[in-house]
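# Breakdown of the fold
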Amino acid sequence: MFDKMHIKMNVNGEDHEFLAEPRDLLIYALREKLNITGPHVGCDTSHCGACTVTVDGKSVKSCTMFVAQANGAEITTVEGIGQPDALHVLQESFREHHGLQCGFCTPGMITRATKLLEENANPTEEEVRFGMAGNICRCTGYQNIVKSILAAASELNSAKEAAQ
């Protein structure tokens, strides 16, 4: 048995404090300690990306990060990207362009795509495919996921131009 560690983190703009074993994985701390269930446990090996979150500005597969490594971090999950009554442009684009099917991979896809568009506001199809390569969808052929991300990029760029 390991000694429990006092963990502090900011998740989706809210501060949280709890006790956890340092070897606990971030995905389980989010889901079981904080009841943040958007990130999914898909493979436990970092291959699928269903658990993708943003930690201190970087996309991270939370099934491969110890909660102790996230102590003091700012974390964003899909719950912090939009609200049910005010979807983020990317969430709306996934809905509109059928970028989801069963929905299991969608939280990780949207979280990663949000970071991708922050890193590259005007990606090509090839850049989207490369940037999303660590996230697996077992239902779709990826075409509508890519289409959704490109449409969201276009809409975000149009809004940025209109604001200038």
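Note that residues are indexed from 1 along each chain, following the sequence as it is written. With pLDDT at 70 or above as the cut-off, local features in this predicted model cover only qualifying residues; side-chain atom pairs require 80 or more to be listed or tallied, and sums for whole chains, interfaces and linings still use all residues. Calculated side-chain values reflect all of the structure's heavy atoms, with hydrogen atoms and water omitted.

## Some thoughts on the packing of helix α3 (residues 106-119) against helix α5 (residues 143-163)
Fitting a line to C-alpha atoms yields each axis, with helices limited to the stretch in contact; the angle taken between N-to-C directions then spans 0 to 180 degrees. Here a strand is any run of E in DSSP of at least two residues, a helix any run of H or I of at least four, and the numbering for each starts at the N terminus. At a closest axis distance of 11 Å, the pairing of α3 and α5 adopts a crossing angle of 40°. The pairing of α3 with α5 is recorded here as oblique in orientation. The element α3 and its partner α5 pack so that their crossing is right-handed. Contacts between α3 and α5 involve M109, A113, L116 and L117 from the first element and I145, I149, A152, A153 and L156 from the second. Think of it as three bins: nonpolar holds Ala, Val, Leu, Ile, Met, Phe, Trp, Tyr, Cys and Pro, charged holds Asp, Glu, Lys and Arg, and polar takes everything else, Gly as well. Its residues assigned to classes, the contact of α3 with α5 comprises 9 nonpolar, no polar and no charged. By the definition adopted for this analysis, an angle is roughly parallel if under 35 degrees, roughly antiparallel if over 145, roughly perpendicular if from 65 to 115, and oblique otherwise. Two helices cross in a left-handed way if the nearer one is turned anticlockwise from the farther one by less than a right angle. They cross in a right-handed way if the turn is clockwise. Residue contacts are counted whenever heavy atoms from the two residues lie within 4.5 Å of one another.

## A short note on the domain arrangement of the chain
Here the chain is described as being made up of domain 1 (5-80) and domain 2 (89-163). Taking only C-alpha atoms into account, the centre of domain 1 sits 22 Å from that of domain 2. Contact residues are listed per partner, giving 18 residues for domain 1 and 13 residues for domain 2. Taking both partners together, domain 1 and domain 2 bury about 1,100 Å²; carbon and sulfur atoms supply 55% of that area. What marks off one domain from the next here is an automatic or database domain assignment. What gets called buried area is simply the loss in accessible area from a 1.4 Å probe that two parts show on being joined, summed for both.

## Some words on the packing of helix α2 (residues 89-96) against α3
Axis separation between α2 and α3 bottoms out at 10 Å; the angle between their running directions is 125°. In terms of orientation, α2 and α3 fall into the oblique class. In this structure, α2 crosses over α3, and the sense of that crossing is right-handed. Together, L90, Q91 and F94 of α2 and T106, M109, I110, A113, T114 and L117 of α3 make up the contact between the two elements. Looking at the contact of α2 with α3, its residues break down into 6 nonpolar, 3 polar and no charged.

## A look at α3
Take the number of residues in a helix, subtract one, and multiply by 1.5 Å to get its expected span. In this model, α3 (14 residues) spans 20 Å end to end at C-alpha, consistent with the 20 Å of a helix rising 1.5 Å per residue. Three labels apply to residues, based on accessible area from a 1.4 Å probe with only protein chains included: buried if under 20% of the type maximum, exposed if over 50%, partly exposed otherwise in between. Burial analysis of α3 places 12 of its 14 residues in the buried class, the great majority of the element. Within α3, the full set of buried residues consists of T106, P107, G108, M109, I110, T111, R112, A113, T114, K115, L116 and L117. Of the surrounding elements, those touching the buried residues of α3 are β3 (52-55), β4 (58-61), β5 (74-76), α2, α4 (125-131) and α5.

## With respect to the sheet that holds strand β1 (residues 5-11)
Pairing between two strands requires that DSSP report at least two bridges joining them. Sheet architecture is open: 5 strands sit in the order β2-β1-β5-β3-β4, paired in mixed fashion. Across the chains shown, the open sheet's two edge strands, defined by having one partner strand only, are β2 (14-20) and β4. Along the sheet, successive strands turn relative to each other by an average axial angle of 40°, direction set aside. Examined bridge by bridge, β3 and β4 share 4 bridges and lie antiparallel to one another. Note that in β4 the partner of T52 across the bridge is K61. Across the sheet, α3 touches β3, β4 and β5, and the angle it forms with β3 is around 40°.

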